Amino acid sequence: MLDTVKRPQSSAATHCTSSDYETMYRRSVEDSDAFWLGQAERLDWVKAPTKGGEWSFDPVDIAWFADGKLNLCHNAVDRHAASRPDATALIFEPDDPQSAGRTLTYRELQSEVVAMANALKAIGVKKGDRVTIYMPMIIEGVLAMLACARLGAIHSVVFGGFSPEALAGRIEGCGSRFVVTADEGLRGSKRVPLKTNVDAALAEPDHDTPLDGMLVVKHTGADVPMTEGRDHWYHDVRSDADCPCEPMDAEDPLFILYTSGSTGKPKGVVHTTGGYGVWTATTFNYIFDYQPGEVFWCSADIGWVTGHSYIAYGPLLNGATQVIFEGVPNYPDHGRFWQVVEKHKVNILYTAPTAIRALMREGDDFVTRHDRSSLRLLGTVGEPINPEAWRWYFEVVGEERCPIIDTWWQTETGGCMLTTLPGAHDMKPGSAGLPFFGVRLQLVDNDGAVLEGANEGNLCITHSWPGQARTVYGDHDRFVQTYFSTYTGKYFTGDGCKRDEDGYYRITGRVDDVINVSGHRMGTAEVESALVSHPLVAESAVVGYSHDIKGQGIYCYVTLNAGEDGSDALYTELRNHVRTEIGPIASPDHIQFTDGLPKTRSGKIMRRILRKIAENDYGSLGDTSTLADPSLVERLIEGRQNR
Ligand code: WT7
């Protein structure tokens, strides 16, 4: 049983006390439509919805607020520009603390979004078009997302750390004919050649969708090649012309976001306008307990869902003031996060366990030399947080003054699903906590039998919620297969989970072939397919293993073509090959060359054994008698890399 840490009394008023939570949670599940139609009133609707959830998980068909019409850019920008024009919306903090930052009020944000929307129009973007956004963490990235929403175009943001190869697949996958990028990005003083990467992606031999237009934001001023007729500098085509918000149906797609699964290529998860808007607006309000005038900072990148829901949408839908940070936690030194907190008087910080662990290792001085008295609430997301890192975050960073929220959710859930609420619940380090309003969970065993009470099992969601992904772009069967076929009639999260006597949920990690490296989700199958695309590689199997900082590291077993030897040079070459195919986030931590993979007589790779060896925990390998070649295990143990 985990210790309980009493929630510190927050100085601010709270949106939800513990008795509110009980009442509201009960209402959210017993009278779900009334509850969510009520929450929908947080948004301005062109036509208010009268319908709540209309959904089925077998067959899979999900809609919320289906008869409503709205525009999320209007809700995130224009309505605040009208009512509080001088309130600060965005505070840009550049990679280099010596460079000039920038602040936009809601009125200025509106002009900038209009300028971006006009630029998109100028290159031919229309309602329903897919627009790929491959940007650094600068204000224009957020503008591009909101400008798409304004026009009713569907954005597909691709993380700037992905390689041209990976970008090409994501442009192709959704038939996107438009790209918004920048000359270069900056991260920890390193330059990221974004524009050149886009050119390389479009030149991939198997890429055959021509682009209609590309917008390039001048950021570092690097000299980049521009293709006449196709590529346009943003500053040349932006304009202040009138650009009204397109009224959208609640179920019109808002964005596509590619995410990894246990098999195949990344899937383009689709979120729609009304439900996602209500979910991000509501969760942001209650979970971050945002109070007017406070400064919020989510350190994620807009390339991930966290940056969608808690940078581009949730905070702005609530009219919040937030920091947009271009840099990294360890540049120019390990105190950078706390220096930003001090400089902008950040009240609410939302970051990832991997960053917390990395900073914890550098010692408390980097933290304590900066004034953190503005901090009121600390959040974590993306992977399980170990109690030791939790305690450091709570005690050293927040001086035991700030509640911690450990929010569990996924790309597919659209926003937070499990958390404690800062004004309502005590906390348990390492446990995400309780279901948010409308979230109905079940733990099931491997045969699908429902487990009651304090128990451990596979985490499923039994009822739809407004923020739920609706489909996989262009492949609804894959959506059904991936999420609803393991346990028919239930959404299966892919996570293992423990529930305790108090109903608190603790995520134990993925139970499928997905690994979580520094909070980045990766399919082992993707890394395997990158490895076997190298001409010397015959076969590979990739598993995750526990890593002190990254949560999980990437361990690759590789067999080479006959006659080839695993040299140090080849080791480096394979590592680089994976970086080229996917991106630096997929760099293998270990590659073990082996003369074979442990397979059953029917040819199935026994990953259980490979995981154990990668963990350097080979004492109890379990039953190996079904292996085709039992002597292989000895050789694998002998050659293990993670000692
Ligand atoms: C997977 C989803 C949620 C936005 C960022 C990641 C893991 C996420 C937690 C948490 C334990 C967590 C799960 C989940 N995860 N948050 N608080 N505690 N695990 O989104 O890339 O879609 O990854 O991240 O394993 O399934 P994502």
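None of these values were measured; they are calculated from a predicted model.

Draft legend 1. Representation of the overall build of the chain within the structure. For the chain, the helix and strand inventory stands at 19 helices and 33 strands. The C-alpha atoms of the chain give 24 Å as radius of gyration, which agrees with the globular expectation for 643 residues (26 Å, within 12%). Each principal axis of the C-alpha atoms in the chain carries an extent, and together these give about 75 × 65 × 55 Å. Every one of the 643 residues in the chain was classed for burial, and the buried ones make up 60%. About 23600 Å² of surface is accessible on the chain, with carbon and sulfur atoms providing 47% of the total. Mean positive and mean negative side-chain charge positions of the chain (61 and 87 charges, respectively) differ by 2 Å.

Draft legend 2. How the structure looks around the site of the ligand. Lining the immediate surroundings of the ligand are 17 residues, of which Asp406, Thr407, Thr411, Asp495 and Arg521 lie closest. In this structure, an oxygen atom belonging to the ligand sits 2.6 Å away from a side-chain N or O atom of Thr411. At a separation of 2.5 Å, an oxygen atom of the ligand approaches a polar side-chain atom of Asp495. When the ligand is considered free in solution it has 550 Å² of accessible area, and contact with the protein chains removes 95% of it. Secondary-structure elements contributing two or more residues to the shell around the ligand are helix H10 (305-317), strand E20 (404-407) and strand E28 (505-510). A breakdown of the residues in the shell around the ligand according to their chemical character gives 6 nonpolar, 6 polar and 5 charged.

Draft legend 3. Quick peek at the UniProt feature "domain: AMP-dependent synthetase/ligase" (unreviewed entry) in the chain. Taking the UniProt record as the reference, the feature "domain: AMP-dependent synthetase/ligase" (unreviewed entry) is found at residues 78-463. Helix makes up 31% of residues 78-463 and strand 24%, whereas the separation of the span's terminal C-alpha atoms amounts to 33 Å.

Draft legend 4. Expanded view of the domain arrangement of the chain. The assigned domain composition of the chain is domain 1 (98-254) and domain 2 (511-638). Each of domain 1 and domain 2 has a C-alpha centre, and the two are 36 Å apart. The partner domain 2 presents 7 residues to the 6 residues of domain 1 that form the contact. Buried area between domain 1 and domain 2, summed over both chains or domains, comes out near 470 Å², and the portion from carbon and sulfur atoms is 54%. The three residues of domain 1 that bury the most area against domain 2 are Phe162, Ser163 and Glu165, which together make up 59% of that side's buried surface. Between domain 1 and domain 2 we count 0 salt bridges in total. Taken together, domain 1 and domain 2 are joined by 3 residue pairs in polar contact (both at pLDDT 80 or more). Partitioning the side of domain 1 that touches domain 2 into residue classes produces 3 nonpolar, 2 polar and 1 charged.

Draft legend 5. Structural context of the nonpolar core. Judged by nonpolar contacts, the single largest core of 158 residues is most densely connected at Leu109, Phe288, Tyr313 and Phe437. If you tally residues by element for this core, the top one is helix H5 (residues 139-151), at 10 residues. A domain-level breakdown of this core finds at least three residues from each of domain 1 (98-254) and domain 2 (511-638). Counting residues in hydrophobic clusters, the runner-up holds 30 residues, among them Ile91, Trp392, Tyr393 and Ile404.

Draft legend 6. Quick look at helix H11 (residues 336-344). Within H11, burial applies to Arg336, Phe337, Trp338, Val340, Val341 and His344. Following H11 by one or two positions, Lys345 has its phi on the positive side, about 50°.

Draft legend 7. Highlighting the environment of Gly229. Mapped onto the secondary structure, Gly229 falls in the loop between strand E11 (213-217) and strand E12 (231-233). Considered as a pair, Gly229 and Asp212 are 17 residues apart in the sequence and their alpha carbons are 8.9 Å apart.

Draft legend 8. Examining the UniProt feature "domain: AMP-binding enzyme C-terminal" (unreviewed entry) in the chain more closely. The sites that UniProt annotates as "domain: AMP-binding enzyme C-terminal" (unreviewed entry) are residues 526-604. Annotated as residues 526-604, this span is 27% helix and 32% strand, and its ends, taken at the C-alpha atoms, are 18 Å apart.

Draft legend 9. Spatial organisation of the pairing of strand E4 (residues 88-93). A large share of E4 lies buried, amounting to 5 of its 6 residues. Summarising the sheet, E4 and strand E5 (residues 102-105) pair through 4 bridges and their orientation is antiparallel. Residue pairing in the sheet places Thr88 in a bridge with Thr105 of E5. Here E4 runs beside strand E17 (residues 321-325); their pairing, made up of 4 bridges, is parallel.

Draft legend 10. Molecular detail of the packing of helix H3 (residues 72-83) against helix H4 (residues 106-122). Running from N to C, H3 and H4 cross one another at 130°; their axes reach a closest spacing of 7 Å. When the interaxial angle is binned, H3 and H4 end up oblique. For the crossing formed where H3 meets H4, the hand is left-handed. Residues Cys73, Ala76, Val77, Asp78, His80 and Ala81 of H3 form the contact with H4, whose participating residues are Tyr106, Arg107, Leu109, Gln110 and Val113.

Draft legend 11. Fine view of the state of the cysteines. Tallied over the entire structure, the rule returns 0 disulfides. Here Cys243 is not cross-linked by a disulfide; its sulfur's nearest cysteine counterpart is in Cys245, at 7.5 Å. Here Cys460 stays unpaired: no disulfide links it, and the sulfur of Cys497, its closest cysteine neighbor, is 10 Å away.

Draft legend 12. Structural context of the layout of surface pockets. Estimates place the volume of the second largest pocket at around 660 Å³. In terms of lining, the second largest pocket is formed by 27 residues, of which the most central are Glu165, Ala166, Gly169, Lys265 and Pro266. In terms of residue count, helix H6 (residues 164-173) provides more of the lining of the second largest pocket than any other element does, 7 residues in total. Residues that form the lining of the second largest pocket fall into these classes: 9 nonpolar, 7 polar and 11 charged. A domain split of the lining of the second largest pocket shows at least three residues from each of domain 1 (98-254) and domain 2 (511-638).

Draft legend 13. Structural context of the pattern of salt bridges. Enumeration over the complete set of coordinates arrives at 37 salt bridges. A salt bridge links Arg238 to Glu112; the nearest nitrogen and oxygen atoms lie 3.1 Å apart. Of this pair, Arg238 sits in the loop between helix H8 (234-237) and strand E13 (248-249) while Glu112 sits in helix H4, and the two are 126 residues apart along the sequence. The exposure class of Arg238 is partly exposed, given its relative accessible area of 30%. Across the pair Glu362 and Arg361 runs a salt bridge, and its minimum N-O distance is 3.9 Å. Relative accessible area serves as the criterion here: at 61%, Arg361 is assigned to the exposed category. What emerges from the salt-bridge pattern is a single network uniting Arg102, Glu112, Glu140 and Arg238.

Draft legend 14. Here's a closer look at the sheet that holds strand E26 (residues 471-472). Pairing within the open sheet is mixed, and its 8 strands lie in the order E12-E11-E8-E6-E7-E14-E15-E26. At either end of the open sheet lies a strand with only one pairing partner, and these are E12 and E26. Where strand E6 (residues 130-134) and strand E7 (residues 154-157) come together, 4 bridges link them in parallel fashion. Its bridge partner lying in E7, Val131 is registered against His155. Its contacts with the sheet place H5 against E6, E7, strand E8 (178-182), E11 and strand E14 (253-259), and it is angled at close to 170° to E6. Packed onto the sheet, helix H9 (residues 273-287) meets E14 and strand E15 (267-272) and runs at close to 80° relative to E15.

Rules behind the numbers
- Residues numbered from 1 in each chain as written.
- Predicted model: local features only at pLDDT ≥ 70, side-chain atom pairs only at ≥ 80, totals over all residues.
- Heavy atoms only, no water.
- Helix = DSSP H or I, 4+ residues; strand = E, 2+ residues; numbered from the N terminus.
- Rg over C-alpha atoms; globule rule 2.2 N^0.38 Å.
- Buried < 20%, exposed > 50% of the residue type's maximum accessible area, 1.4 Å probe, protein only.
- Areas by Shrake-Rupley, 256 points an atom, 1.4 Å probe, with all protein chains shown as cover.
- Lys, Arg positive; Asp, Glu negative; His and termini not counted.
- Charge placed at Lys NZ, Arg CZ, Asp CG, Glu CD.
- Near = heavy atom within 4 Å.
- Polar contact = N/O pair within 3.5 Å; in protein donor to acceptor, adjacent residues only side chain to side chain.
- Nonpolar A, V, L, I, M, F, W, Y, C, P; charged D, E, K, R; others polar.
- UniProt positions renumbered as here; feature names shortened; annotations may be inferred.
- Domains from an automatic or database assignment.
- Contact = heavy atoms within 4.5 Å.
- Buried area = accessible area lost by both parts, 1.4 Å probe.
- Salt bridge = Lys/Arg side-chain N within 4 Å of Asp/Glu carboxyl O.
- Core = buried A, V, L, I, M, F, W, Y, C linked by side-chain atoms within 4.5 Å.
- Pairing = 2+ DSSP bridges.
- Axes fitted to C-alpha atoms, helices over the stretch in contact; angles between N-to-C directions.
- Parallel < 35°, antiparallel > 145°, perpendicular 65-115°, else oblique.
- Left-handed = near helix turned anticlockwise from the far one by under 90°.
- Disulfide = S-S within 2.5 Å.
- 1 Å grid on protein atoms, 1.4 Å probe; cavity = no way out; pocket = protein on both sides within 12 Å on 5 of 7 lines; lining within 4 Å.
- Points joined across faces, edges and corners; volume = space filled by probe spheres on them.

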